[in-house]
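Summary of structural features
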Amino acid sequence: MLLCIAQAELSPLSSLTLSFRSSSTLSSSNPNPTPNPALLALPMRAASAFSSLVLLRSLTLTLSLPHRHRFRHRHRLIRPIFTSPFFCAAGPRQFPAAVSSSSTFVEQLENEATVEGEEEAGDVGSFPESEPFDAEKKFDSVELKRLSAPELEVKELDELPEQWRRSKLAWLCKELPGHKLGTLVRILNAQKKWLTQEGATYVVAHCMRIRENETGFRVYKWMMQQHWYRFDFALATKLADYMGKERKFSKCREIFDDIINQGRVPSESTFHILVVAYLSAPVQGCLDEACSIYNRMIQLGGYQPRLSLHNSLFKSIVSKPGSSARHYLKQAEFIFHNMITTGLEVQKDVYAGLIWLHSYQDTIDKERITALRKEMEQAGIEEGREVLVSILRACSKDGDVEESEKTWSKLLRLDGRIPSQAFVYRMEVYGKIGDPAESWEIFREMKEHLGSTNAVAYHKLIEILCKAQEIELAESLMAEFIDTGLKPVLPSFIDIMNMYFNLSFHDRVELAFTQCLEKFQPSRTVYSIYLDSLVKVGNLDKAEEIFCLMQDEGAIGINARSCNTILSGYLSSGDYVKAEKIYDLMCQRKYDVESSLMEKIDFVLSLSRKHVKRPVSLKLSKEQREILVGMLLGGLQIDSDEQRKNHMIRFEFSDNSGLHSLLKRHIHDLYHEWLHPSCRADGSEDVPYRFFTISHSYFGFFADQFWPKGQCSIPKLIHRWLSPCSLAYWYMYGGHRSSSGDILLKLKGSQEGVKKVVKSLKARSLECRVKRKGRVFWIGFLGSNSTWFWKLVEPYILEDLKDSLRPGGETSGNSTLETENLSFESGSGTDEGASDYSDGENF
């Protein structure tokens, strides 16, 4: 009787679980029983108890049946995993509406309930020219009906041989979902002597049945480490699909990779679900992974993706801003090619998006754009406003006046307001052919037609006038631009200064630089132009002062251009001692010396050095080491080779953070000599948000301490390395200032490691509180404690970031979704050694 009760408690409501085929069902005459409305109205625990009593009666009858009837059929999961509900009872996690793919997965779930056999045409939606495709529109037809997937066969509990084994499995199924990872593993380890592949498979299948998929994944991972483990393709597929449906793309990908490592090709459903899971995640780099899985689905699996999947991936590409989306042109063309070759309907917005991508390329492929327009015409698709504006953009890059005017005429015939970008592209067309007067007329026409102008139009016209060296017109327009209050003005200042420099009006260069300092925060380009001007007129003292200021100011920094400029000044003036110092600095940072200066510097070095060693051995400075410690605590990652001999540091910054956009330039310059050649942005203002170092054994210490076995960890001796500099960069890279003005630091690692960090902070008289949110800990410095923390780290905070990170006052908007619902009002603090953490919501 106890066994029957234990078994009965394992069966949840039929409406919430997968169905098992069984010859011992309660009502064999009704294969699809309708759930009792009264039962569905009960609370979950009460309903489960009621269900258990019903199943108890059926199970008792089952055990009394003859053996030949009980085991006549093997019990199998009869409802494919991709037609069951995606989410567990707690519901899906919510993501911010600003995420481009936030509605993708929701629409996929809604479309799952569509009638089998119904095929809907996906619609990627149109986009306004000034923005990427509208990412808030949901993907259509991201359904999973009739996708190939193996069927998992699992024995029922009463089919297992011994009663004690059935009783223990029943207890495991009931006990495991209520425990965290550490306790779960300890419970499973205690069952090693009797638990087998068959029993563990039943536990995993049961967890999937009751929507405890996270527990099922943990049990599955534990299975893989046992000596009796045999790879089960069907089980791996089901579990991977469930992980993907819950947006847990990393776990889904882990099982996906394991399937491939076993020499098997994942099922079509796994490919499809993993792509959609990546598209639904607001995590940087997920689009690249989605593209990779999509390509392997076709090339490795030989599958033909659904129209909905093509459209979903294409829409995610064109939902990015044009400057970053243009790098996905080949992928977009590949998607388009697959849609054509498989006979799927290509809709208007796919053609429009592809032309839009082509118009953002540095080199315009006119033939391809013409071919796409011809295909649209043959398909009876009219060119809309977005297509015509894309054509104007392409014409502006080639100076094609004839095609530009034809397109402009078509645009005028359309109903509605003409986009401001169309005027800007026309201005650029005439600027390319050297007709600034016509560009000026178009600018005035834009003002009359739209009633106003924007900063982009001012930037473009000032750029055209400066290239044409129309000094008076450029200066008058610049004054008008400043009076409007539109921002940013800095790009136009750069154009004006370049014009003055090219005309050798060095006094005006200095005047413009001074005005820029008074009104705006100058960029490295502004400083570099002024430095070039000072060196050219021979004012080396002032040039040296500006160079040192650039070097000391973290948000500006020096680069190969500024070093070559000051080096040429020292060589021309005969100051060889300073020239050698600059040369050594350039060697240390691996900056290339201009060919025109090489002969002179070789002569200088031959006078003072017998052997000129150009390569300089790489070695991290004390500052670089301390900064690495802080950024590693803030989330920096290290990749190691299989032998763990060489290691590579990956710098990743958030493209949605204004703080990170300033910090990335400083870090890029600080570790320039260590960066992989493909990641160096020499002479460019556009530093990528992701770059990485060369693979080197020198990083072995940091890898062993912070990333042992490829997992982030907090070193045992962390108290020795928490210097004020490390804390400052931890704050800048992985911290936030909350809406209440408190300071929060993000930290990943074990609870014991967090205790060590808190203890070390307390030893520095920095009182703090700790909260846990998912797998991330947040250390909070509240009230006056944030002021003490700020006084310690302020000398090491970049000047441009101090106003945004200073505690107290109004928030600067640097708080993120991660900390919106984080409260330190209750829970643990440092008073008890931060030993009692409260769990937050997973994100």
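Residues numbered from 1 in each chain as written. Predicted model: local features only at pLDDT ≥ 70, side-chain atom pairs only at ≥ 80, totals over all residues. Heavy atoms only, no water.

Considerations on the overall build of the chain
A tally of helices and strands in the chain yields 38 helices and seven strands. For the chain, the proportion of contacts with a sequence separation of at least 24, taken over those separated by at least 6, is 70%. Of the roughly 39400 Å² that the chain leaves accessible, carbon and sulfur atoms contribute 50%. (Helix = DSSP H or I, 4+ residues; strand = E, 2+ residues; numbered from the N terminus. Contact = heavy atoms within 4.5 Å. Areas by Shrake-Rupley, 256 points an atom, 1.4 Å probe, with all protein chains shown as cover.)

Concerning the pairing of strand E6 (residues 769-773)
Relative to strand E7 (residues 776-781), E6 is paired through five bridges, and the arrangement is antiparallel. Across the sheet, residue Val-770 finds its bridge partner in E7, namely Ile-779. Taking the residues that link successive antiparallel strands as the turn, the E6-E7 hairpin has two residues, and the phi of Gly-774 there is positive, at about 70 degrees. (Pairing = 2+ DSSP bridges.)

A few points about the packing of aromatic side chains
Tallied over the entire structure, the rule returns 26 aromatic pairs. Aromatic pair Tyr-220 and Tyr-229: ring centres 6.4 Å apart, planes at 85 degrees, arrangement edge-to-face. No difference in accessibility class separates Tyr-220 from Tyr-229, as the two residues are buried. Consider the rings of Trp-674 and Tyr-698, whose centres lie 5.5 Å apart with planes at 35 degrees: the pair is tilted. A residue pair is termed long-range when its members are at least 10 positions apart, and Trp-674 in the loop between helix H33 (658-670) and strand E3 (690-692) and Tyr-698 in the loop between E3 and helix H34 (700-706) qualify at 24 residues. Judged by its relative accessible area of 0%, Trp-674 is buried. In textbook terms, an aromatic cluster arises when at least three aromatic residues are bridged by ring pairs, as seen for Phe-651, Phe-653, Tyr-671, Phe-691 and Tyr-733. Looking at Arg-264, its charged tip hangs above the ring of Phe-233, at a distance of 4.2 Å from the centre. (Phe/Tyr/Trp six-rings, centres within 6.5 Å; stacked < 30°, edge-to-face > 60°. Buried < 20%, exposed > 50% of the residue type's maximum accessible area, 1.4 Å probe, protein only. Lys NZ or Arg CZ within 6 Å of the ring centre and 35° of its normal.)

Topic: the pattern of salt bridges
In this structure the tally under the stated criterion is 36 salt bridges. Where Glu-214 meets Lys-251, a salt bridge forms, and the shortest distance between an N and an O atom there is 3.5 Å. Residue Glu-214 is found in helix H9 (residues 213-224), and its partner Lys-251 is found in helix H11 (residues 249-261); the two are separated by 37 residues along the sequence. Where Lys-622 meets Glu-626, a salt bridge forms, and the shortest distance between an N and an O atom there is 2.6 Å. With Lys-622 and Glu-626 both in helix H32 (residues 622-633), this residue pair falls four residues apart, about one helical turn. On the accessibility criterion, Lys-622 (55% relative accessible area) is exposed. A residue is classified by how much of its surface remains accessible, and Glu-626, at 17% relative accessible area, is buried. Because the salt bridges share partners, they merge into one network encompassing Glu-214, Arg-218, Glu-246, Lys-248 and Lys-251. (Salt bridge = Lys/Arg side-chain N within 4 Å of Asp/Glu carboxyl O.)

Regarding the sheet that holds strand E4 (residues 735-737)
Here four strands make up an open sheet; going across it, the order is E4-E5-E7-E6 and the pairing antiparallel. The two strands at the open ends of the sheet, each matched to only one other strand, are E4 and E6. Looking at each pair of strands side by side, their axes are set apart by 25 degrees on average, direction ignored. In the packing of helix H35 (residues 724-734) onto the sheet, contacts are made with E4, strand E5 (743-748) and E7, and the angle to E5 comes to roughly 90 degrees. (Axes fitted to C-alpha atoms, helices over the stretch in contact; angles between N-to-C directions.)

Here's the deal with the UniProt feature "repeat: PPR" (unreviewed entry) in the chain
Cross-referencing UniProt, the feature "repeat: PPR" (unreviewed entry) maps to residues 454-488, 523-557 and 559-593 in the present numbering. Between the C-alpha atoms that bound residues 454-488 the distance is 10 Å, and the span itself is 77% helix and 0% strand. What you have in residues 559-593 is 77% helix and 0% strand, and the ends, taken at the C-alpha atoms, are 11 Å apart. (UniProt positions renumbered as here; feature names shortened; annotations may be inferred.)

Re a nonpolar patch on the surface
Among the surface-exposed residues, Tyr-576, Phe-603 and Leu-607 lie close enough to one another that they form a single nonpolar patch of about 310 Å² accessible area. Positionally, Tyr-576 belongs in helix H30 (residues 576-588). (Patch = residues over 30% accessible without salt bridge, like charges linked within 9 Å, V, L, I, M, F, W, Y side chains within 5 Å.)

Let's talk about the sheet that holds strand E2 (residues 647-652)
Strand order in this open sheet of three strands is E1-E2-E3, and the pairing throughout is antiparallel. Two strands close off the open sheet at either side, each with one partner strand: strand E1 (637-640) and E3. Recorded for the sheet is a direction-independent mean angle of 25 degrees between the axes of neighbouring strands. In this structure, E1 lies alongside E2, joined through four bridges in antiparallel fashion. Paired with Asp-639 across the two strands is Met-648, which belongs to E2.

Notes on unusual backbone geometry
Cis geometry is adopted by the peptide bond preceding Pro-488, which originates at Lys-487 and carries an omega value of 5 degrees. Mapped onto the elements, Pro-488 comes out in the loop between helix H24 (471-484) and helix H25 (490-502). Of note, the phi angle at Ser-504 is positive, near 65 degrees, even though the residue is not glycine. Within the element layout of this structure, Ser-504 appears in the loop between H25 and helix H26 (506-519).

Comments concerning helix H22 (residues 436-450)
Here H22 spans 21 Å end to end across 15 residues, near enough to the 21 Å set by a 1.5 Å rise per residue. Those residues of H22 that fall on the buried side of the exposure criterion are Pro-436, Ser-439, Trp-440, Ile-442, Phe-443, Met-446 and Leu-450. Seen along its axis, H22 keeps its buried residues to an arc of 160 degrees; they face one direction. Exposed side chains of H22 directed beyond 90 degrees from the buried face belong to Ala-437 and Glu-448. On its buried face, H22 is in contact with helix H21 (420-432), helix H23 (455-467) and H24. Where H22 terminates, the next one or two residues include Gly-451, which has phi positive at roughly 85 degrees. (Expected span 1.5 Å × (residues − 1). Arc of directions from axis to C-beta.)

Some thoughts on the environment of Glu-594
Mapped onto the fold, Glu-594 is located in the loop between H30 and helix H31 (595-608). Taking the relative accessible area as the measure of exposure, Glu-594 reaches 41% and is therefore partly exposed.

Thoughts on H31
Among the residues making up H31, those that are buried are Leu-597, Ile-601, Val-604 and Leu-605. Each element contacted by the buried residues of H31 is listed here: helix H29 (560-573) and H30.

Focus: the pairing of E5
In terms of strand pairing, E4 meets E5 through three bridges, oriented antiparallel. In the sheet register, His-736 faces E5, and the bridge partner there is Leu-744. In sequence, E4 turns back onto E5 through a hairpin of five residues, with Gly-741 there showing a positive phi of about 90 degrees. Across six bridges, the pairing between E5 and E7 is antiparallel.

Considerations on the side chain of Ser-723
Turning to its location among the elements, Ser-723 is positioned in the loop between H34 and H35. A distance of 3.5 Å separates polar atoms of two side chains, one belonging to Ser-723 and the other to Glu-626. (Polar contact = N/O pair within 3.5 Å; in protein donor to acceptor, adjacent residues only side chain to side chain.)

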